[in-house]
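# An overview of the molecular structure
Read off the chains here:
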Amino acid sequence: MRYEISQYDNGKDHIQYTLSDNNRLLSYEVALISIKEHPFFGIGSGDVRPEMIRLYGQEFPTIPESGALRLPHIQFLSSAMAIGIPLSLLTLFGMLISPMLNREKHKLYMGLLSLLLFLSFMIDAMLEVQFGILVLVFFALLMQKFMNKPVSNIQNKNND
């Protein structure tokens, strides 16, 4: 990690994309440029990948097109780039907060689900890939299954 930090601070652009964390940081920079240019309505989800390639070429001309990341590696940035800041905040935080408002008895489970989603949104653009959608839907449906069972039935099964 120290090596990657030193390369980010002192390295040349043409080797930044070969390092994992550094390329993520470059994708954040590129996404923030796009968000500053289109803060309210974004650029549309179909234009995120071409915009990333264009901005990589503009901001980091020594990085080959094959080295440019097609998506920012944070879901919040990816969403803000696609649909704008207001709608992305409403959508993503709605996904994180609304499960906890659903049922009184199962707030712990829904809080854990929201925490899991928040952490995964900070690590990767989870909603932009099929596996991320699978994980999200799996845990949401699992929690929904637990929430629909009466608490007494769950306790009776544990006592048996």
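Criteria and thresholds
Residues numbered from 1 in each chain as written. Predicted model: local features only at pLDDT ≥ 70, side-chain atom pairs only at ≥ 80, totals over all residues. Heavy atoms only, no water. Phe/Tyr/Trp six-rings, centres within 6.5 Å; stacked < 30°, edge-to-face > 60°. Helix = DSSP H or I, 4+ residues; strand = E, 2+ residues; numbered from the N terminus. Buried < 20%, exposed > 50% of the residue type's maximum accessible area, 1.4 Å probe, protein only. Expected span 1.5 Å × (residues − 1). Arc of directions from axis to C-beta. Core = buried A, V, L, I, M, F, W, Y, C linked by side-chain atoms within 4.5 Å. Contact = heavy atoms within 4.5 Å.

## Digging into the packing of aromatic side chains
Under the criterion given, the structure shown has three aromatic pairs. Centre to centre, the rings of Tyr-56 and Phe-60 are 6.1 Å apart; their planes meet at 55 degrees, and the pair counts as tilted. Plain terms: the ring middles of Phe-76 and Phe-118 are 6.0 Å apart, the flat faces sit at 55 degrees to each other, and that makes the pair tilted. Of the two residues, Phe-76 is situated in helix α5 (residues 75-83) and Phe-118 in helix α7 (residues 107-123); the sequence distance between them amounts to 42 residues. Residue classification places Phe-76 among the buried positions, given a relative accessible area of 16%. Since its relative accessible area comes to 31%, Phe-118 is described here as partly exposed. Cluster of aromatic residues (ring-pair linked, three or more members): Phe-76, Phe-118 and Phe-121.

## Some words on α5
Within α5, eight of the nine residues are buried, leaving the element largely enclosed by the surrounding structure. Inspection of α5 places Gln-75, Phe-76, Leu-77, Ser-78, Ser-79, Ala-80, Met-81 and Ala-82 among the buried residues, and these make up the whole buried set. Positive phi appears at Gly-84, one or two residues downstream of α5, with a value of about 90 degrees.

## Regarding helix α6 (residues 85-97)
Between its terminal C-alpha atoms α6 stretches 17 Å, which fits the 18 Å expected from 13 residues at 1.5 Å a residue. Listing the buried residues of α6 in full gives Ser-88, Leu-92 and Leu-96. An end-on view of α6 places all buried positions within 55 degrees of arc, on one side of the element.

## Overview of the nonpolar core
One finds Val-48, Tyr-56 and Met-81 to be the most contacted residues of the largest nonpolar core, which totals 30 residues. Of all the secondary structure elements, the ones that give two or more residues to this core are α3 (20-37), α4 (48-59), α5, α6, α7 and α8 (130-148). Setting aside its immediate chain neighbours within four residues, Val-48 contacts Ile-43, Arg-70, Leu-71, Pro-72, Met-81 and Ala-82.

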